[in-house]
Amino acid sequence: MFSLTVRRHFMIAHSLPREAFGPAQGLHGATFVAEVTFRRRALNDDAIVLDIGAAGTIIEEVLAGLNYRNLDEHPDFDGKLTTTEALAQYIAQEVAARIKDSDDGRELAGLDVTLRENPDAWAAYSLDLTA
């Protein structure tokens, strides 16, 4: 299996209004590094997984809808908790939706999104694109 990972960062505000989240129940900010890994079984005719520039553009388009936004007011998260895990899933699904109809997108086996909140804590979501 081959893979290509592209990173970008974004900043959000949100609250996690459940007792389990302690001080994060209130409105607070977070800066994430998003690492999106594209996987495929065989390289394309250009001997790559995906063009790095194209991958970066797709990720930037997805993150533009989140960057500097208060996710408590974002329509896609109405009534949902915006935990790091949930955000990783959302980003994976949005990236997959944008790439699925491209030539390289149809050949992808999967993608992984890792969101790093700090050097010591991160969460990830893997999406199987072969199903």
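Residues numbered from 1 in each chain as written. Predicted model: local features only at pLDDT ≥ 70, side-chain atom pairs only at ≥ 80, totals over all residues. Heavy atoms only, no water.

- Looking at an unreviewed UniProt entry, one finds the chain named 6-carboxy-5,6,7,8-tetrahydropterin synthase and attributed to Pseudarthrobacter defluvii.
- Note on the chain: under the UniProt heading Pathway (unreviewed entry), the record states "Purine metabolism; 7-cyano-7-deazaguanine biosynthesis."
- The record in UniProt for the chain states the following under Catalytic activity (unreviewed entry): "7,8-dihydroneopterin 3'-triphosphate + H2O = 6-carboxy-5,6,7,8-tetrahydropterin + triphosphate + acetaldehyde + 2 H(+)". (UniProt positions renumbered as here; feature names shortened; annotations may be inferred.)

1. A few points about the overall build of the chain
Okay, so step 1: Along the backbone of the chain there are 3 helices and 5 strands.
Okay, so step 2: Mapped from its N terminus to its C terminus, the chain presents α and β elements in the order β-β-α-β-α-α-β-β.
Okay, so step 3: Taking 2.2 N^0.38 as the reference for a compact globule, 131 residues should give roughly 14 Å; the C-alpha atoms of the chain span a radius of gyration of 16 Å, in line with that estimate.
Okay, so step 4: A principal-axis box enclosing the C-alpha atoms of the chain has dimensions of 50 × 30 × 25 Å.
Okay, so step 5: Split into buried and exposed, the 131 residues of the chain put 40% on the buried side.
Okay, so step 6: Counted over contacts in the chain with a minimum sequence separation of 6, partners at least 24 positions apart contribute 66%.
Okay, so step 7: With an accessible surface of roughly 7,400 Å², the chain has 48% of that area assigned to carbon and sulfur atoms.
Okay, so step 8: Positive and negative side-chain charges in the chain, numbering 12 and 21 respectively, have mean positions lying 2 Å apart. (Helix = DSSP H or I, 4+ residues; strand = E, 2+ residues; numbered from the N terminus. Rg over C-alpha atoms; globule rule 2.2 N^0.38 Å. Buried < 20%, exposed > 50% of the residue type's maximum accessible area, 1.4 Å probe, protein only. Contact = heavy atoms within 4.5 Å. Areas by Shrake-Rupley, 256 points an atom, 1.4 Å probe, with all protein chains shown as cover. Lys, Arg positive; Asp, Glu negative; His and termini not counted. Charge placed at Lys NZ, Arg CZ, Asp CG, Glu CD.)

2. Looking at the sheet that holds strand S3 (residues 69-70)
In any sheet, the strands associate via hydrogen bonds between backbone groups, in a parallel or an antiparallel arrangement.
Okay, so step 1: If you walk across this open sheet you meet the 5 strands as S3-S1-S2-S4-S5, and the pairing is mixed. Taken across any chain shown, the strands that pair with only one partner, and hence form the sheet edges, are S3 and strand S5 (121-128).
Okay, so step 2: Sheet topology note: the strand S1 (residues 2-14)/strand S2 (residues 28-40) ladder contains 13 bridges and is antiparallel. Looking across to S2, one finds that Phe10 is bridged to Phe32.
Okay, so step 3: Its contacts with the sheet place helix H2 (residues 84-99) against S1, S2, strand S4 (110-118) and S5, and it is angled at close to 140° to S4. (Pairing = 2+ DSSP bridges. Axes fitted to C-alpha atoms, helices over the stretch in contact; angles between N-to-C directions.)

3. Points about the nonpolar core
Okay, so step 1: Counting residues in each nonpolar core, the largest one holds 32 residues, and the members touching the most others are Phe10, Phe38, Leu66, Ile91, Val95, Val113 and Leu115.
Okay, so step 2: At the level of secondary structure, the elements contributing two or more residues to this core comprise S1, S2, helix H1 (52-64), H2 and S4.
Okay, so step 3: Considering every element that reaches this core, the biggest residue donor is H2, with 8 residues.
Okay, so step 4: In contact with Leu66, not counting residues within four places along its chain, are Phe10, Met11, Ile12, Leu71, His74, Phe77, Tyr90 and Ile91. (Core = buried A, V, L, I, M, F, W, Y, C linked by side-chain atoms within 4.5 Å.)

4. Details of the pattern of salt bridges
If charged atoms from side chains of opposite charge come close, those side chains can pair.
Okay, so step 1: Tallied over the full model, the rule gives 6 salt bridges.
Okay, so step 2: Residues participating in the shared-partner salt-bridge network are Arg7, Glu35 and Arg116. (Salt bridge = Lys/Arg side-chain N within 4 Å of Asp/Glu carboxyl O.)

5. Things to note about the pairing of S1
Okay, so step 1: When S1 meets S3, the two strands line up parallel, connected through 2 bridges. Residue Ala13 lies in a different strand from S3, and its bridge partner there is Asn70.

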